[in-house]
Amino acid sequence: MQGAREDALDIFLYALEASRVGPAMERHVRFGNGVMEVGEQSYRLGEYERLALITIGKAAGSMTSAFLRQASTDAERFEGIVAGQGGAGPLPARFREYYGGHPRPNEASLAAAEDMLRTLHALTERDLVVFLISGGGSAMVERFLLTTSLDTIAATHRALVESGAPIAEINAVRKHLSAVKGGRLAAAAAPAEQVTIFVSDVPAGELDALSSGPTMPDRSTTFDVERIVEKYDLCAALPAAVTAMLTTDALVETPKPGDAAFACSQWSVLLDSMWLENAAAMRARELGWHVEVDNTCDDWPAERAASHLLRRVREMRRERGKACLISAGEVTVRVPAGAAGKGGRNQHFALLCAEQITGEAITVLSGGSDGIDGNSDAVGAVVDSTTVERAAAVRFPVGKALAEFDSYTLLSRLGDTMTTGPTGNNLRDLRVLLAP
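Residues numbered from 1 in each chain as written. Predicted model: local features only at pLDDT ≥ 70, side-chain atom pairs only at ≥ 80, totals over all residues. Heavy atoms only, no water.

Engineer: How do you make sense of the packing of aromatic side chains when you look at a structure like this?
Structural biologist: Working definition: an aromatic ring pair is given by the centre-to-centre distance plus the angle between the planes. Counted by the stated rule, this structure contains three aromatic pairs. Measuring from ring centre to ring centre gives 5.5 Å for F67 and F78, while their planes differ by 90 degrees; the resulting arrangement is edge-to-face. Residue F67 is found in helix α3 (residues 60–71), and its partner F78 is found in strand β5 (residues 78–84); the two are separated by 11 residues along the sequence. By relative accessible area, which is 0% here, F67 ends up buried. According to the relative accessible area criterion, F78 is buried, its value standing at 0%. (Phe/Tyr/Trp six-rings, centres within 6.5 Å; stacked < 30°, edge-to-face > 60°. Helix = DSSP H or I, 4+ residues; strand = E, 2+ residues; numbered from the N terminus. Buried < 20%, exposed > 50% of the residue type's maximum accessible area, 1.4 Å probe, protein only.)

Engineer: Even after reading the chapter, I still don't get α3, so can you show me in this structure?
Structural biologist: Side chains three or four residues apart in an α-helix point the same way, a direct result of the helix having 3.6 residues per turn. The end-to-end C-alpha distance of α3, which contains 12 residues, comes to 16 Å, matching closely the 16 Å that a straight helix rising 1.5 Å per residue would cover. Among the 12 residues in α3, 10 count as buried, and that is most of the element. Trailing α3 by a residue or two, S72 shows a phi angle of about 55 degrees, which is positive. (Expected span 1.5 Å × (residues − 1).)

Engineer: Is there a simple way to explain the pattern of salt bridges in this structure?
Structural biologist: Side-chain pairs of opposite charge can arise where the charged atoms are in close proximity. Inspection of every chain in the model, using the stated rule, returns 34 salt bridges. Note that R30 and E37 form a salt bridge whose closest N and O atoms lie 3.1 Å from each other. With relative accessibility at 30%, the residue R30 sits in the partly exposed group. Under the relative-accessibility criterion, E37 is labelled partly exposed at 30%. Of the charged contacts in the structure, one is a salt bridge between R314 and E360, with a shortest N-O distance of 2.8 Å. One end of the pair, R314, is in helix α12 (residues 302–320); the other, E360, is in the loop between α13 (345–356) and β12 (363–368), with 46 residues separating them in the sequence. Via salt bridges that share partners, K175, D208, D218, R219, E253 and K256 belong to a single interconnected network. (Salt bridge = Lys/Arg side-chain N within 4 Å of Asp/Glu carboxyl O.)

Engineer: I keep staring at the sheet that holds strand β2 (residues 35–38) and nothing clicks. Help me out?
Structural biologist: Two orientations exist for strands paired in a sheet by backbone hydrogen bonds: parallel and antiparallel. Read across the open sheet, the three strands follow the order β1-β2-β3; overall the sheet is antiparallel. Of all the strands in the sheet, the pair left with one neighbour each is β1 (29–32) and β3 (41–44). Strand-to-strand, the axes of this sheet are offset by a mean angle of 15 degrees, without reference to chain direction. Taken together, the four bridges between β2 and β3 define a ladder with antiparallel strand orientation. Bridged to M36 within β3 is Y43. (Pairing = 2+ DSSP bridges. Axes fitted to C-alpha atoms, helices over the stretch in contact; angles between N-to-C directions.)

Engineer: Help me understand helix α2 (residues 21–28), please; the structure alone is not making it clear to me.
Structural biologist: Within the sequence span of α2, burial applies to V21, G22, A24, M25 and H28. Angularly, the buried residues of α2 cover 165 degrees about the axis, an arc narrow enough to put them on a single face. Tucked inside the fold, the buried residues of α2 contact β1, β2, α3, β8 (193–199) and β9 (265–271). (Arc of directions from axis to C-beta. Contact = heavy atoms within 4.5 Å.)

Listed below in structure tokens is the structure:
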């Protein structure tokens, strides 16, 4: 089994390396002769009075540094705000950087939102703003419409993240509570020329869910919010002030497709989870595995996803031998109130698989492309047929770790966790299942 574990880790790390922000920015954004090209769009920088760069999310640091490297001598013309988790390196004099919270907002998240709104409201039709958006920004930049209380805002984010709802539904609620989500940053910047470049951690075609879509037309509605609140019984978990807002007519609809706020907007994807899965599949084939990709379990509960993917990889092995199943996307885990364990959805998913493969020649890896899984310092975990037996030997049954949402404590004791540190990227999770 050691060979399969090594291959799984090799495949995962190769995919991370092949999906780095820097090389992607070099391919996608070009500067020369006073012109900025983003994909197939061109912008003559001399035609604008002000150039602004607004960067949000877990990949904010790497996206900002890569963009400014490309801009070269034009970089000094930009003023900017960076809201992420560091990693941008030295910034031009007119840049301000905020270390936003995640998965819950902090004081810097609120300060970043205020700075962005103030800066964007001052722009005119003679200005250009470039947005660099990646996942995680929902918490890193935040301001509610009807309250400025950090405690209320943070408690709301926590309740939503722990509700078990898929990210698209979580973000539908966030958008309608927020002054900076659901297209409202674009509305603040209008009538300036706008271009948004994405490093996406959401499914294809759902860019308005990425960091809760600050610059995108919002497809969700207040009616959707009412349905989601009822479906997940959110009124019992949310702060009273927010519950009151959600159960009255206080919600204000977000800007929709066709709104004048987007009249001068363009959007362009730099990287998404397809880069991860394609790189992983290529490396697996190089290592001699028969490869298939299955993303049908995206946003499924972790238990259902584990059973589905294990069933698929067993079928592949029967049909072709030496099977590798690649799956990108995210699964959902509903954490009960008061749970004090350490870990994240990738480690939880891995343990769910471990329970089902005892004594069977299958290896499962699950890791996050951002380098951090939940509230642990691990990126994810690799488990195999011996994990359950080894857990019993250290008197920490897998079932106990799952029930207490304490996957990291067990997996780190077994040596089954993986650690990369923050990657400066965020392209969703990657799962690799190997059945020799």
